[in-house]
Structures are given as structure tokens and as C-alpha cells.
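Residue-level structural notes
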Amino acid sequence: MWGRLHEAILHRLGDAQLLELSRAVLDSAHVRAKQGGDLTGPSPVDRGKPGSKMHVLSDANGLPLVVGVSAANTPDSLALKPMVAGHQTRHDPHRGRYFKPLRLHADKAYDIPHLRSWLRGKRIGVRIARKGIESSERLGRRRWVIERTMSWLIGYRRLNHRYERHPRNYLDFLGLAAAFCCYKRLVRLTT
């Protein structure tokens with residue numbers, strides 16, 4: 001239900017010309033899991049304590065387009081395809097719109113050759129920092145929006161820690177928070 005609400009708000013933002021899909025930004029953040037359960041694992045950044053990762057794909061303005069959850073010990077690169085594919089399938093057949101970013105920005109965790117070629121096959125420009133070649137700091141002028149989006153989502157205290165044993169429940173809370181972020185932008189810019 002919350003996913004459909006988030007999608008409906010995204011369509012309203014699209015109607016009001018408030019989505020900036022020239023660039024999309026992808027990143028993840030660690031969340032400590034208090035109960036354990038599915039999609040939790042030993043966190044490499046929190047001394048092996050159980051945790052999860054929240055994945056967020058946002059537009060160039062920082063509006064969350066797609067959210068996801070995985071285990072804390074899962075590589076970030078495994079989330080790229082589901083997040084981008086989940087966003088591309090969100091279209092409105094009545095209005096004939098098809099949401100697709102023109103360019104994807106991500107950090108070095110997503111620098112894998114087959115992912116780059118997969119994105120090129122989808123006709124999405126790739127702006128991923130290369131391991132050992134480029135500094136992630138050069139991406140800062142575009143990537144700060146995803147950091148801000150993550151802080152918006154973590155601002156909802158329910159998302160700071162994962163208390164749910166079932167990942168679907170945490171994903172529902174995450175989807176609701178994403179819908180709130182988009183709705184606030186819609187109300188502020190249309191009134």
C-alpha cells in the first residue's frame with residue numbers, strides 16, 4: 001500500500017514537472033538491526049553486529065524514487081540492477097510516461113564492469129567513480145543530494161534502527177517515509 005502511495009505521489013510530481021530525471025543518484029546506508037530476522041547480517045562497519053542496509057535511488061533534487069533493503073554484509077553493487085529496474089518499470093500507461101534517468105551517479109562500491117555495460121545497454125549514462133583511478137570527491141557536487149535524502153529518511157526516528165524481524169515491515173516504513181518526503185516537496189512547491 002505504501003509503495004503505491006509513493007508511486008502516486010511521484011506521478012503527481014511528474015505532472016507538476018517537479019521530477020528532475022536528468023540524473024539519478026544511488027547509495028546505501030547501514031541500519032542496526034535490534035531483532036535479527038531475514039535480510040540481516042553481520043555489519044562490516046559496526047563490529048559484526050547484526051544490521052541491514054537501506055538503498056535509495058533519488059532524482060537530481062534528492063527526491064527518493066525507489067527504496068530497498070538488504071543484509072548488511074551484502075555488497076552494494078548487488079542492489080544496482082533491482083533499484084534501476086524497479087524505477088524503470090514505474091510508468092503510467094494512461095499518461096504514456098516512462099520514468100528513466102539519463103545518467104546515474106554512484107560511488108566506487110558500484111564500480112563493476114558488467115554493471116557499467118548493463119547500464120549502457122539500458123541507455124543510461126554512467127558516472128561511477130573508478131576504483132583506484134578517480135577520487136570519490138569529484139562526485140561530491142552531484143552526490144550530496146543522496147546524503148541529504150538519507151538524512152531526511154533517517155530523520156524519521158523509526159528508521160534509525162530496524163526493530164522488525166520481517167524485512168517487509170521495515171521496507172513499508174521506509175516507503176512511507178519516502179512518500180512523506182515527496183509529498184512535502186509537492187505541497188511546498190505547488191502551494
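For the structure, check the block above.
The structure displayed is predicted, hence computed values, not measured ones. (Residues numbered from 1 in each chain as written. Predicted model: local features only at pLDDT ≥ 70, side-chain atom pairs only at ≥ 80, totals over all residues. Heavy atoms only, no water.)

**Examining the overall build of the chain**
The condition is simple: Where helices and strands are cited, they refer to DSSP runs of H or I of at least four residues and of E of at least two residues respectively, numbered from the N terminus. The classification of residues rests on relative accessible area computed with a 1.4 Å probe and restricted to protein chains. Under 20% of the type maximum is buried, over 50% is exposed, and intermediate values are partly exposed. What makes two residues a contact is simply this: any of their non-hydrogen atoms within 4.5 Å.
For the chain, the count of helices and strands is 5 helices and 9 strands. Secondary structure elements in the chain, listed N-terminal to C-terminal, are α-β-β-β-β-α-β-β-β-α-β-α-β-α. Counting only residues that meet the buried cut, the chain has 47% of its 191 residues in that class. Pairs at least 24 residues apart make up 65% of the contacts formed inside the chain by residues separated by at least 6 positions.

**Things to note about helix 3 (residues 113-121)**
The condition that has to hold: The arc under discussion is defined with respect to the helix axis, by the directions toward the C-beta atoms.
Within helix 3, the full set of buried residues consists of Leu115, Arg116 and Leu119. Down the axis of helix 3, the smallest arc covering the buried residues is 100°, so these residues share one side. Along helix 3, the residues that are exposed and aim more than 90 degrees away from the buried face are Pro113 and Gly121. Once helix 3 ends, the next one or two residues include Arg123, with phi positive near 65°.

**Points about the environment of Gly125**
Structurally, Gly125 is set in strand 8 (residues 125-128). Ignoring sequence-local partners within four residues, the contact set of Gly125 consists of Leu102, Arg103 and Leu104.

**Description of the pattern of salt bridges**
Heads up, the condition is: Each salt bridge in this description consists of a side-chain nitrogen of Lys or Arg and a carboxyl oxygen of Asp or Glu lying within 4 Å of one another.
With the rule as written, the count across this model stands at 3 salt bridges. As a salt-bridge pair, Lys53 and Asp76 come within 2.7 Å of each other at their nearest N and O atoms. Of the two residues, Lys53 sits in strand 3 (residues 50-59) while Asp76 sits in the loop between strand 4 (64-71) and helix 2 (80-88), which places them 23 residues apart along the sequence. On the accessibility criterion, Lys53 (14% relative accessible area) is buried. Given the relative accessible area of 12%, Asp76 is considered buried. For Asp172, the salt bridge identified is with Arg168, shortest N-O distance 3.6 Å. Remark: Arg168 and Asp172 occur in helix 5 (residues 167-190); sequence separation between them is 4 residues, near one turn of the helix. Its relative accessible area of 23% is what places Asp172 among the partly exposed residues.

**Regarding the environment of Asp46**
Tracing the sequence through the fold places Asp46 in the loop between strand 2 (41-42) and strand 3. Ignoring sequence-local partners within four residues, the contact set of Asp46 consists of His30 and Arg32.

**Some details on the pairing of strand 4**
Using the following cut-off: For two strands to count as paired, DSSP must find a minimum of two bridges between them.
Of all 8 residues that make up strand 4, 8 are buried, and the element is covered over most of its length. Pairing of strand 3 with strand 4 involves 7 bridges; the strand directions are antiparallel. Bridge pairing links His55 to Gly68 in strand 4.

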